[in-house]
Structure formats: C-alpha cells, structure tokens
Amino acid sequence: MRKAGVPEPPPLRSAQYPLGVPGLAEHHQKRVDSANSLYRLAIEIVVFCYIHGIVISIENPANSWLWAALVALALEHSELAAKALNQLQRVLFHACCHGSTRRKSTAWLSTPGVFEGLSATCQNDHPHEPWGVRWQSGAWVFDTSVEAQYPHLLAQ
C-alpha cells in the first residue's frame, strides 16, 4: 500500500504510553489531546453513572488503545473511578455476527449483564468483505472508518 501512496500514520499510543507517545507531530498531538479530553469526560460519566446506578456502556474496537487509556485516566482520577471502571463487564464479539460485512473484533464495556447476550465469535461460516483502502473524492478512505457505523441488526 505504501507504493500506492497510502499514508502510514505513526503510532499515537502504546502500552507504555496509553495517553500518547512522546514527541508526536503537532497535528497528531492535537488529535491525541482531543481524544484524551473525551476519554476524561467518559471517566467522569462512568463515575456519575456508577454513583447513581445508571447503566454504563462504552464500545470500541477490541484492540483499541482506548481501553488502556481509560484505565490510566481512572487511576489518575480517583479510587472511585478505578473501582467503577473495574466493576464493568467486557463483552467481546465479531461485528459480522451482528450484521456487519467484516470480521471486526469489538468490545463493549458495560454494566454487568446488560450486553452479555451480544458475545459472539465468528465461526467463519459466512463470507466477509476484505479490509482495504481506496482513493475517493481526493482523499484516502480506509474501510475501518466504514465499519465505525453500527450495522442495522446490531443497532436494533
């Protein structure tokens, strides 16, 4: 893909630096800072919901650095935030089991028992669209961005 001119962005996070690797270019640092602001808000919401007995739901790709960032931010926030985050149930599923056309591993962190019925591992008993990238309207479009939308079956 590099030969075709497809950009290969640098890693923005790592296991050692879940809140952002040091030395990022300014535009990458702004993206990380913006995401971290949303993640901090998510921790505030998790704590609020935990205190008030409100159902909590956080979804993202299973291999996302979001999960490590939330742990780091909860520990930074308070013992209560760490406890609230730790009591949530992690449900894993392949999106194709719920109507997606690709085998995307997804995680849902939520109040225990709420989404465990979504847990599903693809048995490869149906076709999958390939992952790729294409040039469209003057910009590269990655299939991962298309998969950010919930398929109809999952949204029901």
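Going along each chain's sequence as written, the residues are numbered from 1 onward. Totals for whole chains, interfaces and linings use every residue, but because this is a predicted model, local features are given only for residues with pLDDT of at least 70 and side-chain atom pairs only at 80 or more, for both listing and counting. Processing note: side-chain calculations cover all non-hydrogen atoms of the structure and skip hydrogens and water entirely.

Draft legend 1. Spotlight on the state of the cysteines. A pair of cysteine sulfur atoms is labelled a disulfide when the two atoms are within 2.5 Å. A complete count under the given rule lists 0 disulfides for this structure. The closest cysteine sulfur to the non-disulfide-bonded Cys97 is located on Cys96, 4.5 Å from its own sulfur.

Draft legend 2. The arrangement of helix 2 (residues 66–77) in detail. For helix 2, which comprises 12 residues, the first-to-last C-alpha distance of 16 Å matches the rise-based estimate of 16 Å (1.5 Å per residue) to within 8%. The buried label applies to any residue whose accessible area, calculated with a 1.4 Å probe on protein chains only, is under 20% of its type's maximum; exposed applies above 50%, and partly exposed to all values in between. Numbering of helices and strands runs from the N terminus; a helix is a DSSP stretch of H or I covering at least four residues, while a strand is a stretch of E covering at least two. When helix 2 is considered as a whole, its buried residues turn out to be Leu66, Trp67, Ala69, Leu70, Leu73 and Ala74. The buried residues of helix 2 occupy one face: seen down the axis, they fall within an arc of 155°. We call two residues in contact when some of their heavy atoms are within 4.5 Å. Those residues of helix 2 hidden inside the fold are in contact with helix 1 (26–52), strand 1 (57–61), helix 3 (79–86), strand 2 (89–94) and strand 3 (105–110). A helix is expected to span 1.5 Å for every residue after the first. The directions considered for the arc run from the helix axis to the C-beta atoms.

Draft legend 3. Seen up close, unusual backbone geometry. Backbone geometry at Asn124 places phi at a positive 55°, although glycine is not the residue there. Phi is positive for Ser137, which is not a glycine, with a value near 55°. On the secondary structure map, Ser137 appears in the loop between strand 4 (133–136) and strand 5 (139–142).

Draft legend 4. Spatial organisation of the nonpolar core. Here, nonpolar core refers to any group of buried Ala, Val, Leu, Ile, Met, Phe, Trp, Tyr and Cys residues whose side-chain atoms link them within 4.5 Å. Ranked by size, the top nonpolar core spans 21 residues in total, and within it Tyr39, Ile43, Ile58, Trp67, Leu70 and Leu85 carry the most contacts. Among the secondary structure elements, those contributing two or more residues to this core are helix 1, helix 2, helix 3 and strand 3. Leaving out residues up to four positions away in the same chain, Leu70 has contacts with Tyr39, Ala42, Ile43, Ile58 and Leu85.

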